[in-house]
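Chain by chain, the residues run as shown.
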Amino acid sequence: MDHLANFMQGLGAILSPYALMAALIGTLIGFLAGALPGMTATAAIAIALPLTFGMDPIIGIVVLTSIYYAASFGGAVPAILVNTPGDNPAVISALEGYPLTQQGLAISTMRVAFISSFVGGTVGLGFVVFLAPALAELALNFGPPEYFLIMVLGISSVLAVSSGSIVKGLISALLGAIVGLVGMNPLHGAVRMTFGYYQLLEGVPFVVLALALFCIAVSIVNLDHRGARQIRVRNIRAVRNWPDREEMRLMAPAWTRGTVTGFVIGVLPGAGPTIASFLAYSVTKMTASEARQAKFGNGAVEGVAAAESANNAATSGSLVPMLSLGIPGSAGTAVLLGALLMFGLRPGPMLFTNHTEIAFAVLASVLIGTFFMLLVGLILPPLFSHILRVPDSVLFPVILVVAVAGTYSVNNDIFPVYLLWILGIVGYLMMKFAVPAPPAILAAVLMPLMEVSFMQSLTMSRGSLNIFIDRPVSLALLVICVLFLILPPLLMRRRRAKA
Amino acid sequence: MWKSNVLLGLATAGLALYVLNHSSRLAYRVGFGPGPGFAPWWIALTLLVVSAVFVAANLVRRDATLPFPITREALIRATGLFVTFGAAILLIEPFGFTIAMALFLIVVLRLFEDRPWLYSIGVGVLAAVAVFALFAIVFDVPLPRFVRGFI
């Protein structure tokens, strides 16, 4: 109850009109940053940071935390409307949300995404308020073997996001894994497949890969036919603007899976909301009924609900190691950590003791931010959907221009834009050959982390694979991985036998 | 369309062979654990096997369909679009983002989409300026500008 009282005190500290205005401005900036392909929460926080220098610490932290949080809402809007995820976790929203747009459910699906984000974020925040110190302690038990198995778990969801041919999904994942290995190996310093370009030493930026495989590919596929478009979105009359009772019934269990999965993954430094959203989607697909299985890949609203709730629950979870241990789990939390240090706070075990009001004010500002985003999400989707009225012949070339600007913003350098062009050709051919893009994205994200974790694990154990069995948490994860691999075909066989 | 799948399989098999060759020059094992050549070697080998099986299966079955048919017209238009896109990207540094992207949009709208000249120029310039304003002014991204640094 102490935690709740402290949280209410923190909430009281930010309910002034000035603080609420700051939260609203931060929310809108963060939302815009999340919605624009190529822009990230990290970049938006870094840009806003100097502007907060003269502010009261609580106000400054409210602005920056609101930006961080709202960005995780924004990525779903372009994903659902034009199949262009604003950030990597929104890939699932593109996979399931865009087909729903083509069925006249754009506004309803955006509202589903925002409501799901709100649920995941708010419940995740509740976990943080009550469980942060205990969870931080648990997170310290996760070493390289556990991280490797988390990644294996993530890879197992490749099949879940492979709509259509499983073989092509596997090919896509392997291609993504190869892309993920480009650059300098962090443990041995060996340079792999950079073709002599020093700009590739840090690997292919994920943002560039995602923009190329989604944004560029979709735009060119739409433009490569004069007149009749292959992927029509214009002139689709809205069927309804709100989720119906059936969709609400499907969303509720998806929220539960998404929130729990997302929060647990988010607590682990480095795991990230992308893995959380893919895993939550995979679990939801695996446990769906026979009748709903056919919907996945063609507009399953529970897929959007699971992924978006997981994304925002992971964003909440990422605050746990940052606040409780002073360990940033991502680039966004690293910049936030820097901001807290700038304001004279020292995140870590003593934060909640020495700066109770400010620590809980940070959490309370997240709550205010999610409420503002919920309002945006309930009121503004009809406005966003006006994008669909823009003629395809104008919309898709402009999307290409936005992609170029977004890609340039990655390193403030032209090289990633050249890379975007080359990978865009690959993405176009992948789309034409019906090779799904999400497995490539997932594998490109996971492969570097998997390799490093595996190498570190074997170094720790002096080459013995027993390390994955000897540690209790690792053993539990190994059992879950095995279940993840054998359950889907078993469940499918059982469903077919019943039918 | 099974021929497209065979082509895809052959292309990915070729990539797999390249990665196998590249990774064979890196250390497979270092100390107690895998070296930098371990992961790419196994991934490339898996890709080669999967590609070979995929090609063989399509040569036997020959019944695949594609959601977006690959027609000659589509390939020619796509090639033209990528060439135009690439040329515009090359113009970004010497001429600035706004001018390069405005030219790109004008060319696409006029030549590829048959829009009137006035429409193409109007939409092209407006959209390029709007995107520049959003990224360079709102988000302070230092997009390349033309000579005097204005736009």
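Residues numbered from 1 in each chain as written. Chains lettered and ligands numbered in written order. Predicted model: local features only at pLDDT ≥ 70, side-chain atom pairs only at ≥ 80, totals over all residues.

**With respect to the overall build of chain A**
Counting secondary structure elements, chain A contains 24 helices and two strands. A principal-axis box enclosing the C-alpha atoms of chain A has dimensions of 65 × 55 × 55 Å. When burial is assessed residue by residue, chain A has 59% of its 499 residues classed as buried. Restricting the contact set of chain A to residue pairs at least 6 apart, pairs at least 24 apart contribute 80%. (Helix = DSSP H or I, 4+ residues; strand = E, 2+ residues; numbered from the N terminus. Buried ≥ 20, exposed ≤ 12 C-beta atoms within 10 Å, placed from the backbone. Contact = placed C-beta atoms within 7 Å.)

**Observations regarding the overall build of chain B**
When helices and strands are counted, chain B shows five helices and two strands. Starting at the N terminus and ending at the C terminus, chain B contains elements arranged as α-β-β-α-α-α-α. Its C-alpha atoms give chain B a radius of gyration of 23 Å, clearly above 15 Å, the size a compact globule of 151 residues would have. With the C-alpha coordinates aligned to their principal axes, the bounding extent of chain B is approximately 55 × 50 × 25 Å. Counting all 151 residues of chain B, 34% fall into the buried class. Within chain B, contacts between residues at least 6 apart in sequence are counted, and of these 52% link residues at least 24 apart. (Rg over C-alpha atoms; globule rule 2.2 N^0.38 Å.)

**Some details on the interface of chain B and chain A**
Residue-level contacts link 54 residues of chain B with 50 residues of chain A. Going through the elements one at a time, α1 (2–24), β2 (33–34), α2 (38–61), α3 (72–95), α4 (97–112) and α5 (117–138) of chain B are the ones with two or more residues in the side of chain B that touches chain A. Per element, the largest residue contribution to the side of chain B that touches chain A is 10 residues, and it comes from α3 of chain B. The residue makeup of the side of chain B that touches chain A, split by class, is 40 nonpolar, nine polar and five charged. (Nonpolar A, V, L, I, M, F, W, Y, C, P; charged D, E, K, R; others polar.)

**Side note on the domain arrangement of chain B**
As far as domains go, chain B holds domain 1 (2–61) and domain 2 (72–138). Between the C-alpha centres of domain 1 of chain B and domain 2 of chain B the distance comes to 38 Å. (Domains from an automatic or database assignment.)

**Topic: the nonpolar core**
Counting 218 residues, the largest nonpolar core has Ile67 and Val401 of chain A together with Met101 and Leu105 of chain B as its most contacted members. At 16 residues, helix α7 (residues 106–139) of chain A tops the list of elements feeding residues into this core. Setting aside its immediate chain neighbours within four residues, Leu105 of chain B contacts Pro397 and Val401 of chain A together with Val123, Gly124, Ala127 and Ala128 of chain B. (Core = buried A, V, L, I, M, F, W, Y, C linked by C-beta atoms within 7 Å.)

**Here we look at the packing of helix α10 (residues 206–223) of chain A against helix α20 (residues 392–411) of chain A**
Residues and elements named next belong to chain A. Axis separation between α10 and α20 bottoms out at 9 Å; the angle between their running directions is 165°. One element, α10, and the other, α20, form an angle in the roughly antiparallel class. For the pair α10 and α20, the sense of crossing is left-handed. Between α10 and α20, the contacting residues are Val207, Val208, Leu211, Cys215, Ile216, Ser219, Asn222 and Leu223 on the first element and Asp392, Phe396, Ile399, Leu400, Ala403, Gly406, Thr407 and Val410 on the second. Residues of the contact of α10 with α20, tallied by class, amount to 11 nonpolar, four polar and one charged. (Axes fitted to C-alpha atoms, helices over the stretch in contact; angles between N-to-C directions. Parallel < 35°, antiparallel > 145°, perpendicular 65-115°, else oblique. Left-handed = near helix turned anticlockwise from the far one by under 90°.)

**Considering the confidence of the model for chain B**
For chain B, mean pLDDT is 89; residues scoring 70 or higher make up 93% of the total. Here β2 of chain B stands out as the least confident element of chain B, with mean pLDDT 83; α4 of chain B is the most confident, with 96. (pLDDT = per-residue confidence, 0-100.)

**Details of the environment of Leu345 of chain A**
Residue and element names in this part refer to chain A. Structurally, Leu345 is set in the loop between α16 (331–342) and α17 (351–354). Look at Leu345 and you get partly exposed, because 19 C-beta atoms sit within 10 Å. Residues Leu345 and Ala359, spaced 14 residues apart in sequence, show a C-alpha to C-alpha distance of 8.9 Å. Those residues in contact with Leu345 that sit more than four places away from it in its chain are Leu340, Leu351, His355 and Ile358.

**Considering helix α2 (residues 17–35) of chain A**
Because an α-helix packs 3.6 residues into every turn, residues spaced three or four apart end up facing the same way. Given a rise of 1.5 Å per residue, 19 residues ought to cover 27 Å, and the 27 Å separating the end C-alpha atoms of α2 of chain A matches this to within 8%. Looking at the buried residues of α2 of chain A, the elements they touch are α3 (41–48), α4 (57–74), α5 (76–82) and α18 (356–379) of chain A. (Expected span 1.5 Å × (residues − 1).)

**Side note on unusual backbone geometry**
All names here are of chain A. Even without glycine at this site, Asn83 takes up a positive phi of about 60°. Take Asn83: it is sitting in the loop between α5 and α6 (91–102). We note that Met193 has phi near 55°; this positive angle belongs to a residue other than glycine. Following the sequence through the fold, Met193 ends up in the loop between β2 (191–192) and α10. Judged by the 17 C-beta atoms lying within 10 Å of it, Met193 is partly exposed.

**Quick notes on helix α9 (residues 166–180) of chain A**
A rise of 1.5 Å per residue sets the reference length of α9 of chain A, with its 15 residues, at 21 Å; its end C-alpha atoms lie 21 Å apart and thus fit the reference within 8%. For α9 of chain A, the tally of buried residues reaches 12 of 15 residues, placing the bulk of the element in the interior. Here α9 of chain A has its buried residues at Lys168, Gly169, Ile171, Ser172, Ala173, Leu174, Leu175, Gly176, Ala177, Ile178, Val179 and Gly180 of chain A. Elements that come into contact with the buried residues of α9 of chain A comprise α10, α21 (415–432) and α22 (438–460) of chain A together with α1 and α2 of chain B.

**Here's the deal with the packing of helix α11 (residues 245–267) of chain A against helix α14 (residues 301–317) of chain A**
All names here are of chain A. Axis separation between α11 and α14 bottoms out at 6 Å; the angle between their running directions is 30°. Considering their axes alone, α11 and α14 lie roughly parallel with respect to each other. In the packing of α11 onto α14, the handedness of the crossing is right-handed. Split by residue class, the contact of α11 with α14 holds 14 nonpolar, 11 polar and three charged.

**Side note on the environment of Glu137 of chain A**
All names here are of chain A. Position of Glu137 relative to the elements: it lies in helix α7. Its 12 C-beta neighbours within 10 Å are what place Glu137 among the exposed residues. The spacing of Glu137 and Leu325 is 188 residues in sequence and 8.8 Å in space, taken between C-alpha atoms.

**Observations regarding the environment of Val62 of chain A**
Residues and elements named next belong to chain A. Relative to the helices and strands, Val62 is located in helix α4. Look at Val62 and you get buried, because 33 C-beta atoms sit within 10 Å. Expressed as a C-alpha distance, the spacing of Val62 and Ala361, which sit 299 residues apart in the sequence, is 7.9 Å. Apart from residues lying up to four places away in sequence, Val62 is in contact with Ile14, Ala19, Ala22, Ala23, Gly26 and Ser365.

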